[in-house]
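Here is how the chains run, residue by residue.
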Amino acid sequence: MTDFIRRHPLASGIAAFILLVVFLTSFPIVPETKQAVVVRFGKPVRILNEYEAGRPIGGAGAGISWRIPFAEQVVWIDKRIQDVDMQQQQVLSTDQRRLEVDAFARYRIVNPLLMYVRARTEEQLAEQLRPILGSEVRNELGKVSFASLLTPERQGVMEDVRDSLNRIAGQYGVKIIDVRIKRTDLPDGTPLQSAFERMRTAREQEARSIRAEGAKQAQIIRAQADADAARTYAASFGKDPQFYDFYRAMQSYESTFLGDGSERPAPTTVILSPQNDYLREFTGKSR
Amino acid sequence: MFSGLGGRARGLFNDTKGPWGPKGEGGEPEEPARGPWGDTPKGGRRKPSASRQGGGNVSSLDEFIRRGRARWSPGGGLPGRPSGSIVTWAIAAVVLLWLVITSMHSIEPGQRGVVTRFGRYVYTLGPGVGLTLPSPVERVTKLDVENIRNTDLGSASSEDLMLTGDQNLIDISYSVRWNIRTPELYLFQLAQPDETIREVAESSMRAVISQVSLNDAMGDKRADIEIRVSENMQRILDSYRSGIQIQGIAIKQADPPDAVNDAFKQVTAAQQDAQTYINNANAYALQLGQKAQGEATAFDKVYEQYKLAPEVTRRRMYYETMERVLQNVNKTIIEAPGVVPYLPLPEVKPSQPQPQPQAQSGAGQ
């Protein structure tokens, strides 16, 4: 044996390397994020680190494991929560309105064996879940009206979707954790434009009513002010209407002929008759 | 990892075949125990078999090593030791360095080190220097837990329309602030944590926006919306056991869509207009009220005095007023009543005449 090694260092080195690799691969390391199905000649024999609800991280499962070299293959399957996105699609609500809906589901592979048998790979699993999610969302949302899609009620709808999706996904060893609507949009084109149009007209209406309201209030304020002024005048001038007439006439003459101080009135020529009351003493006959 | 170990073993074999072969030394007794595979259950047994294999062939590598040794030994390398052990010592030093580097971990403040032993989570290292078993056995993943990250959704440049409760559309952009609460959950529970945060944020924001009206979403209910979204997100993320803590949501922008923005500006303009109307009316009311008060008070004062001596006051006021009035006007007194003279109007009025006042004053006599 030693002689052989001395004589053929290269060959024995390669042999040792192969042996080492085989030895090391017989003890696969299972990380926390993975679970694995050990397949012996195509037949699943063991499951490593299978998901168990409620088991804390760091519990039994992950760590170093073993397999029979060559005979057994390890198929790795993700243990974490994964998500599958539904393609955006149109949903017709009961009141015949269209909505673009985009949903996602989060799932975990809880039975790796079943998943391996039914779907083989995770990619295929996602491929199979996606259309199912789409059709379930469409079915359930088609049962409700447009308005209730926008209300808290839609959470209940989503739970229905999740439950019915779970029934199907269970066949793949998958547990759906939740289904959520990411977006609900009006489809491009006419529905979107008409929504814009409705918003625009609603705003215009609002603008008009705000202006009208402002004008109304302004008018009320002015009228009230006029009324208040009239009351003030009446209370004061009403004490002696005759004197008011005289007093106001004096004021009026003054402002008519002399101006109120801010601007000069047009020059005035007054033609007086000697019979004028002001010129009564002019003639000297009144006494 | 396996191939890496294998490659290392092969490298060792190639390196040592020269110096060990001719001298016939076999392996150093302490060296295999210190090797990286001495600690591992996997590789340890392979090591001696690899190292004992010494080829008989002399190659240029031998020459190279011998020259290297000759250069090193006078420099005070390891006097007294067999010269072949230099390579062994070098390997031992590398291995030792490897052990030290991979078993001591400096965790910065705000970081946590998640330790896995052969893939299984064992514990989490706090800040400071943490000791673990060397690398292939235990591995440390450092995570920044205190650092608050920002995930932006929607942007100012693109339109991200959402349906509000009153079936209007709103263009909204916001950011989520979050950090890692439980590093091991964050590492091991979610396949795509960052993507999950985005999706959960979008879903929660849309759910909340779809329950409020457009005006609320754009106006004073923003803070309320932020709180509701953040609570909603936290609840969902907790249900995934994601180990993520939502610190808050910040709505950066909540505007009507561009297509209807003008109409919304009209509303603002209308509000300004309405306020202007009201302000003008108030100014008028104030002015009028003050004027009425002033005039009424003036009248009252004069009337008080007038009551004391009505006739005299009346005449006095009359004369005084007429004085002031007639002082500043052109006066013509016509003696003979009944004879109306011909009045050349332009002469009577030196400046630009206005027939109206003249006619009035003529009529007023």
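So, how was this worked out
- Residues numbered from 1 in each chain as written.
- Chains lettered and ligands numbered in written order.
- Predicted model: local features only at pLDDT ≥ 70, side-chain atom pairs only at ≥ 80, totals over all residues.
- Helix = DSSP H or I, 4+ residues; strand = E, 2+ residues; numbered from the N terminus.
- Buried ≥ 20, exposed ≤ 12 C-beta atoms within 10 Å, placed from the backbone.
- Contact = placed C-beta atoms within 7 Å.
- Axes fitted to C-alpha atoms, helices over the stretch in contact; angles between N-to-C directions.
- Left-handed = near helix turned anticlockwise from the far one by under 90°.
- Nonpolar A, V, L, I, M, F, W, Y, C, P; charged D, E, K, R; others polar.
- Pairing = 2+ DSSP bridges.
- Parallel < 35°, antiparallel > 145°, perpendicular 65-115°, else oblique.
- pLDDT = per-residue confidence, 0-100.
- Expected span 1.5 Å × (residues − 1).
- Arc of directions from axis to C-beta.

**Q** Would you mind showing me how to read the overall build of chain A here?
**A** Counting secondary structure elements, chain A contains eight helices and ten strands. For chain A, with 287 residues in total, the buried portion stands at 28%. Taking all contacts inside chain A whose residues are at least 6 apart in sequence as the whole, residues at least 24 apart take part in 68%.

**Q** Can you help me understand the overall build of chain B in this one?
**A** Counting its regular elements, chain B contains 13 helices and ten strands. Residue burial in chain B is summarised as follows: out of 365 residues, 28% are buried. Sequence-distant contacts, at least 24 apart, represent 66% of the contacts inside chain B between residues at least 6 apart.

**Q** Explain the packing of helix H8 (residues 241-257) of chain A against helix H10 (residues 261-308) of chain B to me, please; I cannot follow it from the model alone.
**A** Each pair of packed helices can be summarised by the angle the axes make with each other and by the distance between the axes. For the pair H8(A) and H10(B), interaxial distance at closest approach is 11 Å and the crossing angle is 115 degrees. With respect to the hand of their crossing, H8(A) and H10(B) are arranged in right-handed fashion. Of the residues in H10(B), those in contact with A:Phe243, A:Tyr244 and A:Tyr247 of H8(A) are B:Phe299, B:Val302, B:Tyr303 and B:Tyr306. Taken together, the residues of the contact of H8(A) with H10(B) break down into seven nonpolar, no polar and no charged.

**Q** Help me understand the sheet that holds strand S2 (residues 111-117) of chain B, please; the structure alone is not making it clear to me.
**A** In sheet architecture, strand pairing relies on hydrogen bonds along the backbone and comes in two forms, parallel and antiparallel. Residue and element names in this part refer to chain B. The three strands are arranged S3-S2-S5 in an open sheet whose pairing can be described as antiparallel. Of all strands in the sheet, those with a lone pairing partner are strand S3 (120-125) and strand S5 (138-144), marking the two edges. Going from strand to strand, the sheet's axes swing by 25 degrees on average, the running direction of each strand aside. Examined bridge by bridge, S2 and S5 share seven bridges and lie antiparallel to one another. The partner of Val115 across the bridge, within S5, is Val140.

**Q** Whenever I open this one, the interface of chain A and chain B confuses me. Can you help?
**A** Bring the parts together and some accessible area is lost; that lost area is often taken as the interface size. Between chain A and chain B, the contact holds 89 residues from the first and 96 residues from the second. The greatest single-element share of the side of chain A that touches chain B, amounting to 26 residues, is contributed by helix H7 (residues 190-237) of chain A. Of the residues that constitute the side of chain A that touches chain B, the class distribution is 48 nonpolar, 19 polar and 22 charged. Relative to strand S10 (residues 330-333) of chain B, strand S10 (residues 269-272) of chain A is paired through four bridges, and the arrangement is parallel.

**Q** Help me understand the packing of H7(A) against H10(B), please; the structure alone is not making it clear to me.
**A** In the contact formed by H7(A) and H10(B), the axes pass within 8 Å of each other and the chain directions differ by 0 degrees. The angle between H7(A) and H10(B) places the two elements in the roughly parallel class.

**Q** I'm lost on the sheet that holds strand S2 (residues 34-40) of chain A in this one. Help?
**A** All names here are of chain A. Here three strands make up an open sheet; going across it, the order is S3-S2-S5 and the pairing antiparallel. Whereas interior strands pair on both sides, the edge strands pair on one side only; in this sheet they are strand S3 (43-48) and strand S5 (72-78). On average, each strand axis in the sheet is inclined to that of its neighbour by 25 degrees, with strand direction left out of account. By the bridge criterion, seven bridges tie S2 to S5 in an arrangement that is antiparallel. Within the sheet, the bridge partner assigned to Val37 lies in S5 and is Val75.

**Q** Would you explain the confidence of the model for chain B in this entry?
**A** Any segment with low pLDDT has predicted coordinates that should not be analysed in fine detail. All names here are of chain B. Taken over all residues, the pLDDT of chain B has a mean of 75, while the share at 70 or more is 68%. Residue range residues 74-79 is modelled with pLDDT below 50. Its contacts to residues more than four positions away, or to other chains, number five contacts. In this model residues 348-365 is a low-confidence stretch, pLDDT under 50, and it forms 18 contacts with partners more than four residues away in sequence or in other chains.

**Q** Just checking my understanding: could you explain H8(A) for this structure?
**A** One full turn of an α-helix is made of 3.6 residues, so residues set three or four places apart face in the same direction. Over its 17 residues, H8(A) runs 24 Å from end to end, which matches the ideal 24 Å to within 8%, given 1.5 Å per residue. Of the residues flanking the end of H8(A), it is A:Gly259, one or two places downstream, whose phi is positive at about 85 degrees.

**Q** Hey, could you run me through unusual backbone geometry in this one?
**A** Trans peptide bonds make up most of the peptide bonds, and negative phi angles are found at most residues other than glycine. Positive phi, normally seen in glycine, also occurs at A:Phe70, with a value near 65 degrees. Mapped onto the fold, A:Phe70 is located in the loop between strand S4 (63-64) and S5. Positive phi, close to 50 degrees, is recorded for B:Phe118, a residue that is not glycine. Within the secondary structure, B:Phe118 sits in the loop between S2 and S3. By the C-beta count within 10 Å, which is 20 here, B:Phe118 ends up buried.

**Q** Any chance you could explain helix H9 (residues 222-239) of chain B here in plain terms?
**A** Residue and element names in this part refer to chain B. With 18 residues, H9 should reach 26 Å at 1.5 Å per residue; the first-to-last C-alpha distance of 26 Å fits that figure. Listed as buried for H9 are Ile225, Val229, Ser230, Met233, Ile236 and Leu237. Across the axial projection of H9, the buried residues extend over an arc of 130 degrees, all falling on one side. H9 presents Ala223, Arg235 and Ser239 as exposed residues on the side facing more than 90 degrees away from its buried surface. Buried-residue contacts for H9 involve helix H7 (193-209), helix H8 (214-218) and strand S9 (244-255). Backbone geometry just after H9 places Arg241 at a positive phi near 50 degrees.

**Q** Looking at this structure, how should I read the environment of B:Phe188?
**A** Turning to its location among the elements, B:Phe188 is positioned in helix H6 (residues 183-188). Along the primary structure B:Phe188 and B:Gly243 are separated by 55 residues, whereas in three dimensions their C-alpha atoms are 9.5 Å apart. Once residues lying within four places of it in the same chain are set aside, the contact partners of B:Phe188 are A:Glu32, A:Thr33, A:Ile57, A:Arg80 and B:Tyr121.

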